[in-house]
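# Survey of secondary and tertiary structure
What follows is the residue order along each chain.
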Amino acid sequence: MNSVHTREPAAGGRDWAVEARGLVKTFGDNRAVDGVDLNVRAGTIYGVLGPNGAGKTTTIRMLATLLRPDAGSARIFGHDVVKESHIVRQLIGVTGQYASVDETLSAWENLIIFSRLLGLGRQEARRKASELLEEFGLAEAAKRPLKNFSGGMRRRLDLAASLIAQPPLIFLDEPTTGLDPRTRAQMWDTIRRLVQTGSTVLLTTQYLDEADQLADRIAVIDHGRVIAEGTVDELKASVGSSSLQLRIQNPGDIEVARQAVERVLKVQSIVSPEAGKITAPMANADLVADLLITLREAGIRLTEMSVQKPTLDEVFLTITGHGVEEDASDEAKQEEAM
Amino acid sequence: MSSLPITPVSELQLKNHASLRQSVRNSFTMAYRGLLKIRRTPEQLFDVTFQPIIFTLMFTYIFGGAISGNVHSYLPLIIPGILVQTVITTSIVTGVQLREDMDKGVFDRFKSLPIARIAPLAGALLADTVRYTVATVLTFVMGYIMGYRPHGGFGDVVIAGVLVIACSWAVSWIFAFFGVIARTASSVQGIAMLILFPLTFVSNAYVPVKTMPDWLQWVAKFNPISHLISAVRDLTNAGTIGGDFGISLIGAAIIVAIFAPLTVRAYMRRT
Ligand SMILES: Nc1ncnc2c1ncn2[C@@H]1O[C@H](COP(=O)(O)OP(=O)(O)OP(=O)(O)O)[C@@H](O)[C@H]1O
Ligand SMILES: [Mg+2]
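Residues numbered from 1 in each chain as written. Chains lettered and ligands numbered in written order. Predicted model: local features only at pLDDT ≥ 70, side-chain atom pairs only at ≥ 80, totals over all residues. Heavy atoms only, no water.

## Observations regarding the overall build of chain A
- Scanning chain A from N- to C-terminus turns up 12 helices and 15 strands.
- The proportion of buried residues among the 338 residues of chain A is 52%.
- Within chain A, residue pairs in contact and separated by at least 24 positions form 65% of the contacts whose partners lie at least 6 positions apart.
- If you sum the accessible surface of chain A, you get close to 15,700 Å²; carbon and sulfur atoms cover 48% of it. (Helix = DSSP H or I, 4+ residues; strand = E, 2+ residues; numbered from the N terminus. Buried < 20%, exposed > 50% of the residue type's maximum accessible area, 1.4 Å probe, protein only. Contact = heavy atoms within 4.5 Å. Areas by Shrake-Rupley, 256 points an atom, 1.4 Å probe, with all protein chains shown as cover.)

This is the structure we're talking about:
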């Protein structure tokens, strides 16, 4: 019963924080996760990117021992999530998509209880709780019941609770969804600092931008399958460049403007006449200045100019040949407009 | 973030099972959580506060004259009856709250922590003994205010109270089981009331059994609740420990022996 395992290096566990093979989870006849393979190197940030219902949460729950896989296997630092679940729980911290803290208690009480459950003594638990509350900017609200906490405060408390034991692997399920830009930037900083202390982070997100900012490697999943995997640069290269969008003030100018765009940027462009909009791939950002001068000289006035970065939509479009389902109607509209 | 580097995985001492000591510790922490929740939401104690007060007043004045001639001589009969009914009914809450708790986000965290898996269940059962104690004390206090003077004396009243609390704790395993397997908290409440309502009323709690029809007398005499009530009456009114005391304890032990393993098994499967 009480045999002490020290992990043998032969398992290959030292390098890999997560090794998942063919994970499957079905709910009724819905294959929520349909054969997912993931390898996460220790000490890195790994992003799992996918739209609503892709199976991100289900995958994380299986890796975090909260759900039993129907098929396949997963190892955390070489320990099997099913057979050695108690060991795995000593190695992970989980911040779920929805806050997993006690709503009826205060932030302080929550952290004390989790600390005590993790085996800290009374004094230690108090020290840990106040330290974490301080770090996550919750010290002032420590004694208030969580009912009055904002979404951002709840998320921070949830993350703080996951860090009590300083676990070597941390799961973050959509850590910034619903946060304002400032709080999101703080969360990104926190995640980066976690990795500096030697932790490994596996996070899910719906935003390519976030994965771009944080992750060393990304897996794109859709309909329960990994449809692309690689470094951020590899993925971006597969999507292509940013695009330039111009809105022309006078609809009569639009044909002249289009010719100018194609001549100066040396690319094909797309025109949406009723919107007075021209969209063109921006392979060389330097040429945009030339284009603007050309337009000014031709007396063509712009109402708006913007640069569109590749979006998750486009990753999907490129990789799967279909867009993110919800935006399918948008896509169709654009096609019509062409 | 404490910028202390984390301990490398290869240097951690990892065990695949929680030790007995850890299980006990974790259970007490979970019980502490239950107490904190009661302190934060004292309205949780509404039922155990008002049921003893209202039931004691109501039933004593409604039935007192009819059954014992006057209110005062009805008190030795009714106070043990109400005590048992109130405290046993309180044990339903264990099941209802367990179900609610298991549906909450915080349960995911408990499941992802390296704690004894039984701790949230054991902690809930442990914390609820506080509720039973509140109900017990209030019923006796209410009786005292209305003029009830137990012949058994203080010591025997305490023993009677502890007996009722222990038996209710045993019964709470039944509702914990329903709490674990049920889909919703309100269905737990429904099932539990369906069981407890006849069980507590078809007993010697409010009326002498001999006034019932034959077949009902048979049920009431067989009913374990009647034995518990008789045991309490023996203690409070006469200061004696009789056969009913033993029967009650054996009954409680049997319930725990059946439902504790069932509940734990179902609980482990669900979590
Ligand atoms: N407990 C469950 N019972 C039944 N179906 C479920 C359950 N959990 C998830 N699903 C289904 O599994 C699929 C994947 O869900 P999952 O929550 O893993 O997606 P997700 O990628 O996390 O999506 P989101 O971005 O919305 O969080 C969905 O179709 C969902 O409806
Ligand atoms: Mg999700």
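## Examining the coordination of the magnesium ion (ligand 2)
All names here are of chain A.
- Bound to the magnesium ion (ligand 2) are the protein donor atoms Thr-57 (OG1) and Gln-97 (OE1), situated 1.8 to 2.1 Å from the metal. Of this pair, Thr-57 sits in helix 1 (residues 56-63) while Gln-97 is found in the loop between strand 7 (92-95) and helix 3 (107-117), placing the two residues 40 residues apart along the sequence.
- Given the relative accessible area of 26%, Thr-57 is considered partly exposed.
- Using a relative accessible area of 24% as the deciding quantity, one classes Gln-97 as partly exposed. (Donors = N, O, S within 2.8 Å, 3.2 Å for Na, K, Ca; no water.)

## Focus on the interface of chain B and chain A
- Between chain B and chain A, the residue contacts involve 38 residues of the former and 57 residues of the latter.
- Surface buried jointly by chain B and chain A totals about 4,400 Å² across both partners, of which 59% is contributed by carbon and sulfur atoms.
- Summed over the shared surface of chain B and chain A, the number is 5 salt bridges.
- The partner of Arg109(B) in a salt bridge is Asp158(A), and the shortest N-O contact between them spans 2.5 Å.
- Our enumeration of links across chain B and chain A arrives at 16 residue pairs in polar contact (both at pLDDT 80 or more).
- Within the side of chain B that touches chain A, the residues separate by chemical class into 16 nonpolar, 12 polar and 10 charged. (Buried area = accessible area lost by both parts, 1.4 Å probe. Salt bridge = Lys/Arg side-chain N within 4 Å of Asp/Glu carboxyl O. Polar contact = N/O pair within 3.5 Å; in protein donor to acceptor, adjacent residues only side chain to side chain. Nonpolar A, V, L, I, M, F, W, Y, C, P; charged D, E, K, R; others polar.)

## Comments concerning the site of ligand 1
All names here are of chain A.
- Contacts to ligand 1 come from 14 residues, most closely from Gly-53, Lys-56, Thr-57, Thr-58 and Gln-97.
- Between ligand 1 and the protein, one listed contact pairs an oxygen atom with a backbone N or O atom of Ala-54 at 3.1 Å.
- The separation between an oxygen atom of ligand 1 and a polar main-chain atom of Gly-55 is 2.9 Å.
- Bound to the protein, ligand 1 loses 62% of the 630 Å² it would expose on its own.
- At the level of elements, strand 3 (30-41) and helix 1 are the ones that each hand at least two residues to the shell around ligand 1.
- By residue number, the principal contributor to the shell around ligand 1 is helix 1, which donates 3 residues. (Near = heavy atom within 4 Å.)

## Section: the pairing of strand 9 (residues 200-205) of chain A
Residue and element names in this part refer to chain A.
- Across the 6 residues of strand 9, 6 count as buried, placing the element largely inside the fold.
- On strand 9, burial covers both faces: Thr-200, Leu-202 and Thr-204 on one face and Val-201, Leu-203 and Thr-205 on the other are all buried.
- As paired elements, strand 8 (residues 169-173) and strand 9 share 5 bridges and run parallel to each other. Within the sheet, the bridge partner assigned to Phe-171 lies in strand 9 and is Leu-202.
- Note on the crossover from strand 8 through helix 6 (residues 181-196) to strand 9: the handedness is right-handed. (Pairing = 2+ DSSP bridges. Right-handed = clockwise from strand over helix to strand, strands pointing away.)

## Comments concerning the environment of Ser85(A)
- Here Ser85(A) is to be found in helix 2 (residues 85-91).
- Taking the C-alpha atoms as reference, Ser85(A) lies 9.4 Å from Leu66(A); in sequence the two are 19 residues apart.
- Not counting residues within four places of it along the chain, the set of residues in contact with Ser85(A) comprises Thr65(A), Asp80(A) and Asn16(B).

## Observations regarding the side chain of Gln85(B)
All names here are of chain B.
- Examined against the element boundaries, Gln-85 turns out to sit in helix 3 (residues 71-90).
- Residue Gln-85 is classed as buried on the basis of its relative accessible area of 4%.
- Once you skip the residues sitting within four places of it in the chain, Gln-85 turns out to touch Phe-55, Thr-200, Phe-201 and Tyr-206.

## Concerning helix 3 of chain A
- Across the 11 residues of helix 3 of chain A, 11 count as buried, placing the element largely inside the fold.
- In this structure, the buried side of helix 3 of chain A is in contact with helix 4 (122-135) and helix 5 (151-162) of chain A together with helix 1 (20-40) and helix 5 (105-112) of chain B.
- Once helix 3 of chain A ends, the next one or two residues include Gly119(A), with phi positive near 95°.

## Thoughts on the sheet that holds strand 9 of chain A
All names here are of chain A.
- One open sheet holds the 6 strands; their spatial order is 7-8-9-4-10-11, and the pairing between them is mixed. Looking at the sheet topology across the chains shown, the edges are occupied by strand 7 and strand 11 (225-231). Going across the sheet, the axis of each strand differs from the next one's by a mean of 15°, ignoring polarity.
- Of the pairings in the sheet, the one linking strand 4 (residues 45-49) to strand 9 comprises 5 bridges and is parallel in character. By the bridge assignment, Gly-47 is partnered in strand 9 with Leu-203.
- Packing of helix 5 onto the sheet brings it into contact with strand 7 and strand 8, and relative to strand 7 it is tilted by some 170°. (Axes fitted to C-alpha atoms, helices over the stretch in contact; angles between N-to-C directions.)

## Details of the side chain of Lys128(A)
All names here are of chain A.
- Along the chain, the position of Lys-128 falls in helix 4.
- You can call Lys-128 buried: its relative accessible area is 14%.
- The contact partners of Lys-128, leaving out residues within four places of it in the chain, are Ser-115, Leu-120, Ile-164 and Gln-166.

## Section: the pattern of salt bridges
- Per the stated rule, a full pass over the model turns up 22 salt bridges over all chains.
- With its nearest N and O atoms 3.1 Å apart, the salt bridge here joins Asp101(B) to Lys37(B). Taken together, the positions of Asp101(B) in helix 4 (residues 92-102) and Lys37(B) in helix 1 put the pair 64 residues apart, joining distant regions of the chain.
- On the basis of relative accessibility, which here comes to 10%, the residue Asp101(B) falls in the buried class.
- Owing to a relative accessible area of 12%, Lys37(B) belongs among the buried residues under this scheme.
- One connected set of salt bridges, linked through shared partners, spans Asp102(A), Arg33(B), Lys37(B) and Asp101(B).

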